[in-house]
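Residue-level structural notes
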Amino acid sequence: MEALQWILSAGTNFFEGIQLSNDLVRLQATLPKARMLICRSEWGMFKDKQLAKLLSHLKDTTYDAEDLLRQLDDQELRQRIEDADRSRAGQLLSSSLNLAKTYIRGSKARIKETQEKLDKVVVQIEGMLNLMGLMSVEPSQIMPETSSVISAPEVVGRDGERNALIEMLGVMIGREAQRDQVIELLGVPLTRGRRSAGSNGKRTTAGSGVASTSRAKQPKGNNGRAGHAEINYKSNVSVIPIVGIGGVGKTTLAQYIYNDPRVKNHFGVMIWVCVSDFFDKKRITKEIIESIPWEEFNPSCSLNALQIELMERLKMCPKFLLVLDDVWPNANADWEAFYAPLRRGPEGSMILVTTRCPVVATRVTTSNCEPFHLEGLPTDVFWDFFKKCAFGRNDPESYPHLQDIGRSISTRLCGSPLAAKTLGRLLSMRLTEQHWRTIQKSELWELRHEENEILPALQLSYLYLPEEVKRCFMFCSMFPKDYSFERDKIVDIWVAEGFVAPEGSMRSEDVGISYLDELRNRFLFQADPKFPNKAYVMHDLIHDMAVSFSMDECFVMQDLSNRMHSTVRHMSIEVDGESLTRMGDIQHFNKLHSLRFRIGFDVEITWFNQLSNILYLSLKGCKLVKLPESICELNSLRYLDISHSNVQELPEKLWCLYSLQVLDASRSSLKTIHQDVTKLINLRQVALPAGASQALSKVSGLGNLSCLRNLSEFIVGKEIGRGIGELKFMNQLNGRLAIRSLGMVGREEEAAEAKLVDKQYLKELVLHWRGGGGSLKRQKSSDNGVLKGLRPNSRIECLKILGFDGDTLPSWFKPEDLPTLRSLELSYCGCFQSLSIPCLADRTQAGLTGDDGTQHASSSGSHNNGIAPFAFTCLTALRVYRCIRLTNLEQFLIPETLPSIKSIVLEYCVNLKSIPVHRFLGFVRLQDLKIQHCRKLECPREMVLPTSLRRLCIVRCNELERSFPACLENLASLTLLQLAYCDSVKCIPLNSIGSNMLKCLVISNCGELSSIGGLQGLASIQHVQLSWCPTLTEVQQPFEKKELRTEEGKELLKFLQKTD
C-alpha cells in the first residue's frame, strides 16, 4: 500500500499505478522461491555442469531483482525525507519528485524484463531439479544445541592439568610422537622423564614406524644417543617444513610445539607469523622485526631498509624459533630474497614452516633437514575422536546401528580432525539412521576433488545450513584467508547486505549473532586466538569450501591475472593502487554490493559513482584524507567504513545517503560531525574518534535517529533539540550511555521524558549533573526529583551517578527494580550523609535494627541461605568517591545487603566516620578493598577480612589502621598490599602473613613502622616500594624492586594507580 501511495504521489495515473504496484508485488513474491531453488541447486551443482551454469544465472537474476526493488525503496525514502519540511506546493516542485517520476517511468520496462528473466530461469531450474530428483530433498534444518560442548578424546602421557586444558581446547589428539620428533629436529633435547605413554620410554625418530607420519631422515650430526638429538648445522638457520593436506593439524602441531616449555627454554626469541596464500615478504619481514626486542623503527620503509634492520637485530639476538604458518606455492619465487637476511642469524636458530604443498616443502627445506610429512590421525585414535564429535555427550554404545554408519563415513575423512569436527557436528544434529544414511550416501563423496579428499565432508556441512545462514557464510569468502572477523562488525555487515531475516520481535543484530553462533557451533568459524572473545577466523580449508560455492559471487583480487567475473557481487581488492590503475576500466562495477580495499591502499579512484548498487564499502586503513564527492551519489550504501584512515572531514552531501545504517570512522582523523547527520534516520551504528563523538553529543535533533544503537554521550543543552526529551524514542540504544549537564533539567517530569525505563538494551548508564548551576538548596530538591525521573530499565548492569547534589537515593533504587545491577559508583555527590536502600530504610524506621545499629532481616523466614530479601544479589563492585558530606555506611555496607560483592572502593570521603569493618568477614567473595583518605574513620571494633581478599589498599584512614597487622592473618590469596600514612602501624611481619602469593608491596609515610620481618620477607615479592618510614631500619630507603612484567603484574600496578 505504501508503494502504491508513493507511485501515485509521483504523478502516475491511477490505473498505471495499480498495474505497476501489482508488478512489484509479483516480483517480490517470486524471490523466496528463487532463493529456495538456489539452495536446492547447490546439492547438485558439482554433479552437473549445466545445473551449475543455470544456478549462476539464477543467482545473478535474483540479485538483479533485489537491486531493482531496493532502488525503488531507496528512492521512496529519499522523497519522503526531502519533502518532509516542504509545503504542498514545494513538494510538487521538488527535485526529488521529478527524480521519482523519471525513475518510475524508467522502471516499468525493467520490472517486466526482470520478471520475465527470473520466471524463465526458475522454470529451467525446476525442470532440471525434477529430473535429478532434487526437488524432493528435504535437508534437515534442526538447529544443534548451542550449549552442547564436544569433549576431545583423552591424550595419553599427560598429567591431569595438561589433559584438562587439551580437552577444553580440543587440541593435539594423538600427536605426542610427532610433537617430540619435530622438537628433536629443532635441536631441543628431550627430557627422559617426560615421554608420552605411546613412546614406551624409547627415543622416537622421524619415520620410526609411527602410524600417522611418513619416514623422514634423521638430521645430519645425530650421534644416535638415546634421549638427545645433537645437530651440527653447516648454516646458521635451518628450515624444517611440516607438510600435509589441509585440515590435518599442521598449524595445531606447530602451535603445540611453539608453546612447549622445553622449546621456550631452548630458544631465546619466539616468533610466529601467519603467511597465508599471499606471500608478502615485506609484511612478513616487518612482523619478524617487531618480534625482536629493540629500538623503534620506521615500519613504512623499503624492503631493503627492513632487511638491513633485521640483520642488525639478529646480530644482538639470541637463537630464535620462527614459525611461518601456512605457506603457499606463490612463496617459491620470493623465498630466497626473503630468507637471505635470516640465514645469517644466530647459530642454532630454526625456522618451522607449515604448508599443504609438497613443492613448497622441497623449496624451503635446508640441506641438512628433511620435510616432516604429517598424515591423518591413526585409525583407532581418529575413530575415538570422531565418535565424540558425532555423539557428543551421548553414549555411542546406545546407538550400535549408527556406529556402523559412522565408521563408514570416518574412513573417508583422511584422519582429519577438522573434518571430524565439522561433519561430526552435522551428524550430531539428529541421531537417527535416516539422517546418518542421507549423509553417508551423498553423491558428493563420489566426485573428484583435486586438492584433497575431505572437501566433500565440509561441503555437506554447508549444505545442511539454514538458508539465511548459508548466505552469511558464503559472503565471508569475499575476505582473504586468515581474515579476522570482529563479532559485532560482521553481523552489522550481514544486516546491511540484507542477509538477516526478521524473527518476531528480535532485533536484526541479535538474529545475526545467532547466525554467527550457528557457524561457530558447526566449527565453520573458530575463535581468533588473538581476540578469543571478540573475533573469529575461518580455517583455510573452510574458506576453500566457501569459495567452491561462491566463486560466481565473491572475488578476492590478489593479482591481475584473474579477471573479475560479470556475476561478482562482493569483492576485496588486495593489489596496490598502481596495479589497479593499470587495469583500466573495470566492467560490471555497477553490480557490486560489497567492495573492500586492503589496508594501506592508495585511493585515487574516480569511478565510485559507478557503484550504483553498493551496500558495503570499506576504505579501512586506506591512504586518503578526504572522501571523493562521488561517494555521495551511492544512494544504496548501507555500511561505510573509513576507520584507521586520515579522513578529517566528510563531504557535505554525505548526509543525503538516507539508507546508511553504519558509519565506522573509529581511529580516523575525523574532527567533527555535521548537524545534518540527523537526516540519516536509518543509522544504526556510528563509531567516531573522541572529538567527533563529542561533537555528535551536542547535535540538535538527535531524537530523529531512533534506530541508533550506540550513543556514548548525550549533553543536555538549552537550545531547541538539545533537551533530554530527545532520548524519548531512542530505545535501540545499547551498551553505554552517559548523560551530561543534568543540571539543565529542572523537574522530575522533564527528566521522565527521556524514557530511560524503556531502554532495555542499555547495560551502563552514567548520570552526570555538573554544569547545571543554581543554588545548593534549589539543587538539592530538584536533583532528587530529576534522579527519580531518570529511572533506568531493570536490565541495567552498571550505574554511575556523578555530581548529584540531592541528598537521597530515589525510590527505584532497590533490588527488585535493579535485579541485574553489577556495578555502582557514586562520585562527587556532595549532599549524601548516609546511604541506605529505600526499602531498607523503611524497615529501619520500623525498628528492625540490631543491637549494634546495623540492619538485620526479620526472623520470620526473610533470609534465604544468609541472603536478605532486600539484597543486591548481582552487585559485585561498589565505588564511593569524593562524597564529602557522607558520614555513615552502616546500613549499606553489610554482607546481607551485598552478598556477591567482590570490590569495595571508598576514596576521599573526608567526613566518613562509620563503616561496619568488623562485619567484612561476611563478604565471602570480596577480592579488592581500597579505602583511601577517609581521615575521620572511627573503628570501635577491628577490621576482620575474608580469606578471599586478593588486593588491599589502606591510605590515611585514621582509626582503621589499628586493625594491623592482625587483619592480615589467614589472607592466603593476598597478592597486593599498600599502606600509606598509617602512623599507628608498628609492625608488618611479612613472613607471618597467610599468603605466599604476595607479589606487590607498597608502604610509605608510616611514621611508626619499625619492622617488616627482615629483608628475607622481600625476596619472593616481585614489586616492592618502601619509602618515608623513618623508624624502619631493616632496609635502606627508598627501596625499590620492580620485576612485575606479566599481564597480571600490569593489572596490579594499574589497581595501585587508579584514583579518578
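Residues numbered from 1 in each chain as written. Predicted model: local features only at pLDDT ≥ 70, side-chain atom pairs only at ≥ 80, totals over all residues. Heavy atoms only, no water.

Description of the packing of aromatic side chains
Going through the model one piece at a time under the given rule, you end up with 30 aromatic pairs. Where Phe279 meets Trp335, the ring centres are 6.5 Å apart and the plane angle is 50 degrees; that geometry is what we call tilted. One end of the pair, Phe279, is in the loop between strand S2 (269–276) and helix H10 (281–291); the other, Trp335, is in helix H12 (residues 335–339), and 56 residues separate them in sequence. Ring centres 6.2 Å apart and planes at 20 degrees place the aromatic pair Phe382 and Phe386 in the stacked group. Of this pair, Phe382 and Phe386 both sit in helix H14 (residues 379–391), 4 residues apart, roughly one helical turn. What makes Phe382 buried here is its relative accessible area of 4%. Lys930 extends its terminal NZ or CZ atom over the ring of Phe1055, reaching a point 4.4 Å from the ring centre. It is Arg956 that lies over the ring of Tyr981; its NZ or CZ is 3.8 Å from the centre. (Phe/Tyr/Trp six-rings, centres within 6.5 Å; stacked < 30°, edge-to-face > 60°. Helix = DSSP H or I, 4+ residues; strand = E, 2+ residues; numbered from the N terminus. Buried < 20%, exposed > 50% of the residue type's maximum accessible area, 1.4 Å probe, protein only. Lys NZ or Arg CZ within 6 Å of the ring centre and 35° of its normal.)

Let's talk about the nonpolar core
With 142 residues, the main nonpolar core has Leu617, Leu619 and Ile739 as its most contacted residues. The element best represented in this core is strand S18 (residues 762–768), accounting for 3 residues. Of the residues that make up this core, three or more belong to each of domain 5 (553–560 + 567–577 + 590–699) and domain 6 (964–1059). Beyond its immediate chain neighbours, meaning those up to four positions away, Leu617 contacts Leu595, Phe597, Phe608, Ile631, Leu634, Leu637, Tyr639, Leu640 and Asp641. (Core = buried A, V, L, I, M, F, W, Y, C linked by side-chain atoms within 4.5 Å. Domains from an automatic or database assignment. Contact = heavy atoms within 4.5 Å.)

Quick word on the side chain of Thr975
By the element assignment, Thr975 lies in the loop between strand S24 (951–955) and strand S25 (976–980). Apart from the residues within four sequence positions on either side, Thr975 is in contact with Arg950, Arg951, Met997, Leu998, Lys999, Cys1000 and Leu1052.

Some remarks on the sheet that holds strand S13 (residues 639–641)
Two strands in a sheet stick together by hydrogen bonds in their backbones, pointing the same way (parallel) or opposite ways (antiparallel). Ordered by their spatial adjacency, 7 strands build an open sheet running S9-S10-S11-S12-S13-S14-S15, and the pairing between neighbours is parallel. The open sheet is flanked by strand S9 (554–557) and strand S15 (685–687), the only strands paired with a single partner. Going across the sheet, the axis of each strand differs from the next one's by a mean of 5 degrees, ignoring polarity. As judged from the 3 bridges shared by S13 and strand S14 (residues 662–664), these two strands associate in the parallel manner. (Pairing = 2+ DSSP bridges. Axes fitted to C-alpha atoms, helices over the stretch in contact; angles between N-to-C directions.)

A closer look at empty space enclosed by the protein
In total, this model carries 3 cavities of 30 Å³ or more according to the counting rule given. For the largest cavity, the calculated volume is near 120 Å³. Surrounding the largest cavity, 16 residues form its lining, Arg35, Lys470, Arg471, Met474 and Glu553 being those nearest its centre. Sorting the residues of the lining of the largest cavity by element identifies helix H2 (14–42), helix H3 (49–82) and helix H19 (467–475) as the ones contributing at least two each. The leading source of residues in the lining of the largest cavity is H19, at 5 residues. The class makeup of the residues in the lining of the largest cavity is 8 nonpolar, 1 polar and 7 charged. (1 Å grid on protein atoms, 1.4 Å probe; cavity = no way out; pocket = protein on both sides within 12 Å on 5 of 7 lines; lining within 4 Å. Points joined across faces, edges and corners; volume = space filled by probe spheres on them. Nonpolar A, V, L, I, M, F, W, Y, C, P; charged D, E, K, R; others polar.)

Things to note about the pattern of salt bridges
Summed over the entire model, instances satisfying the criterion amount to 49 salt bridges. In this structure, the salt-bridge partner of Asp60 is Lys591, at a minimum N-O distance of 2.9 Å. Here Asp60, found in helix H3, pairs with Lys591, found in the loop between helix H23 (577–582) and strand S11 (594–597); they are 531 residues apart in sequence, far enough to count as distant. We note that Asp60, like Lys591, is buried. Residue Arg283 pairs with Glu287 through a salt bridge whose shortest N-O separation is 2.7 Å. Placement of both Arg283 and Glu287 in helix H10 is noted, with a separation of 4 residues, approximately one turn of the helix. On the accessibility criterion, Arg283 (28% relative accessible area) is partly exposed. For Glu287, a relative accessible area of 24% corresponds to the partly exposed category. (Salt bridge = Lys/Arg side-chain N within 4 Å of Asp/Glu carboxyl O.)

Some details on the environment of Ser566
When you line up the elements, Ser566 lands in the loop between S9 and strand S10 (570–573). According to the relative accessible area criterion, Ser566 is partly exposed, its value standing at 28%. Put simply, Ser566 and Leu592 are 26 residues apart on the chain and 9.7 Å apart in space, counted from C-alpha to C-alpha. In contact with Ser566, not counting residues within four places along its chain, are His588 and Lys591.

Re the sheet that holds strand S8 (residues 535–537)
The strand order S6-S8-S7 describes an open sheet built from 3 strands, whose pairing is antiparallel. Each end of this open sheet is capped by a strand with a single partner; those strands are strand S6 (485–486) and strand S7 (526–527). One ladder, built from 2 bridges, connects S6 with S8; its direction is antiparallel. Paired with Glu486 across the bridge in S8 is Ala535.

Points about the side chain of Glu890
Relative to the helices and strands, Glu890 is located in the loop between strand S21 (877–881) and strand S22 (903–907). One buried charged residue, Glu890, forms no salt bridge at all, with the nearest opposite charge on Arg919 at 6.7 Å. Of the polar contacts made by the side chain of Glu890, one reaches the side chain of Ser914; its length is 2.5 Å. (Lys, Arg positive; Asp, Glu negative; His and termini not counted. Polar contact = N/O pair within 3.5 Å; in protein donor to acceptor, adjacent residues only side chain to side chain.)

Focus: the pairing of strand S17 (residues 735–740)
Of the pairings in the sheet, the one linking strand S16 (residues 713–715) to S17 comprises 3 bridges and is parallel in character. Paired with Glu713 across the strands is Ala738, a residue of S17. Judged from the 5 bridges that link them, S17 and S18 form a sheet pairing that is parallel. What sits directly across from Ala738, in S18, is Val766.

Considerations on the environment of Cys909
With respect to the helices and strands, the residue Cys909 is situated in the loop between S22 and strand S23 (928–932). Residue classification places Cys909 among the buried residues on the basis of a relative accessible area of 0%.

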